[in-house]
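The primary structure of each chain is shown beneath.
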Amino acid sequence: MMVFKYIVFGLFFAMELFALGAFSYWGFHMNKGWFINTVFGIGTPLLVAIFWGIFIAPKATFAVTIPIRILLQIIVFALATTALFAAGKSKLAIIFGFVVLIEMILMYSIEE
């Protein structure tokens, strides 16, 4: 059971990184000029990472309750999925959304 728990935690971390990659991909593929693309391609994942570290991370600066943490995670992952759709990667967005759904169910059903 312990191995399964670590696999679920590892996949969750991979989803977090993938979400940052999705925001970056969206930013660099906005077709708004190289400067705006660069600002959004670097700035958006940076802001999301800062937000995650402040409110959602296990050792967050401002600890929130579990229901609020789940809600914030859903918002971040939904925005990442939307960013993939907006960047024209609809199949990847659907797959990512499905993986997020399954992984969040697994993550919060495991006893800590």
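Located above this text is the structure these notes cover.
Now for a look at the structure at hand. (Residues numbered from 1 in each chain as written. Predicted model: local features only at pLDDT ≥ 70, side-chain atom pairs only at ≥ 80, totals over all residues. Heavy atoms only, no water.)

Comments concerning a nonpolar patch on the surface
Then, in step 1: On the surface, a nonpolar cluster with roughly 570 Å² of combined accessible area is contributed by Ile95, Phe98, Val99, Leu101, Ile102 and Ile105.
Then, in step 2: Turning to its location among the elements, Phe98 is positioned in helix α4 (residues 90-109). (Patch = residues over 30% accessible without salt bridge, like charges linked within 9 Å, V, L, I, M, F, W, Y side chains within 5 Å. Areas by Shrake-Rupley, 256 points an atom, 1.4 Å probe, with all protein chains shown as cover. Salt bridge = Lys/Arg side-chain N within 4 Å of Asp/Glu carboxyl O. Helix = DSSP H or I, 4+ residues; strand = E, 2+ residues; numbered from the N terminus.)

A word on the packing of helix α2 (residues 34-56) against helix α3 (residues 66-86)
Then, in step 1: One can describe the packing of α2 onto α3 by two numbers: an axis separation of 11 Å at closest approach and a directional angle of 170 degrees. When the interaxial angle is binned, α2 and α3 end up roughly antiparallel. Contacts between α2 and α3 pair Val48, Phe51, Trp52, Phe55 and Ile56 from the former with Arg69, Leu72, Gln73, Val76 and Phe77 from the latter.
Then, in step 2: Across the contact of α2 with α3, the residue classes tally to eight nonpolar, one polar and one charged. (Axes fitted to C-alpha atoms, helices over the stretch in contact; angles between N-to-C directions. Parallel < 35°, antiparallel > 145°, perpendicular 65-115°, else oblique. Contact = heavy atoms within 4.5 Å. Nonpolar A, V, L, I, M, F, W, Y, C, P; charged D, E, K, R; others polar.)

Looking at the layout of surface pockets
Then, in step 1: Reported here for the largest pocket is a volume of approximately 250 Å³.
Then, in step 2: What lines the largest pocket is a set of 12 residues, and nearest its centre among them are Phe9, Phe12, Pro58, Arg69 and Met107.
Then, in step 3: Put simply, the parts of the chain that give the lining of the largest pocket at least two residues each are α1 (2-28), α2, α3 and α4.
Then, in step 4: Tallied by class, the residues present in the lining of the largest pocket amount to eight nonpolar, one polar and three charged. (1 Å grid on protein atoms, 1.4 Å probe; cavity = no way out; pocket = protein on both sides within 12 Å on 5 of 7 lines; lining within 4 Å. Points joined across faces, edges and corners; volume = space filled by probe spheres on them.)

Quick look at α1
Then, in step 1: Its 27 residues give α1 an end-to-end C-alpha distance of 39 Å, which sits within 8% of 39 Å, the value for a rise of 1.5 Å per residue.
Then, in step 2: At its buried positions, α1 is contacted by α2, α3 and α4. (Expected span 1.5 Å × (residues − 1).)

What about α4?
Then, in step 1: For α4, built from 20 residues, the straight-helix expectation of 28 Å at 1.5 Å per residue is met to within 8% by its first-to-last C-alpha distance of 29 Å.
Then, in step 2: Among the residues of α4, those classed as buried are Ala93, Phe96, Val100, Glu103, Met104 and Met107. Projected down its long axis, α4 shows its buried positions confined to an angular sector of 105 degrees, all on one face. Facing away from the buried side of α4 by over 90 degrees, the exposed positions are Lys91, Ile94, Ile95, Phe98, Ile105 and Ser109.
Then, in step 3: In this fold, the buried residues of α4 make contact with α1 and α3. (Buried < 20%, exposed > 50% of the residue type's maximum accessible area, 1.4 Å probe, protein only. Arc of directions from axis to C-beta.)

Quick look at the packing of α1 against α3
Between two packed helices, the angle of one axis relative to the other and the distance separating the axes together describe the packing.
Then, in step 1: Viewed as axis vectors pointing N to C, α1 and α3 meet at an angle of 45 degrees, and their least axial separation amounts to 8 Å. One way to sum up the angle between α1 and α3 is to call them oblique. The hand of the α1/α3 crossing is left-handed. Where α1 approaches α3, its residues Phe12, Met15, Glu16, Phe18, Ala19, Ala22, Phe23 and Trp26 are matched on the opposing element by Gln73, Val76, Phe77, Leu79, Ala80, Ala83, Leu84 and Ala86. (Left-handed = near helix turned anticlockwise from the far one by under 90°.)

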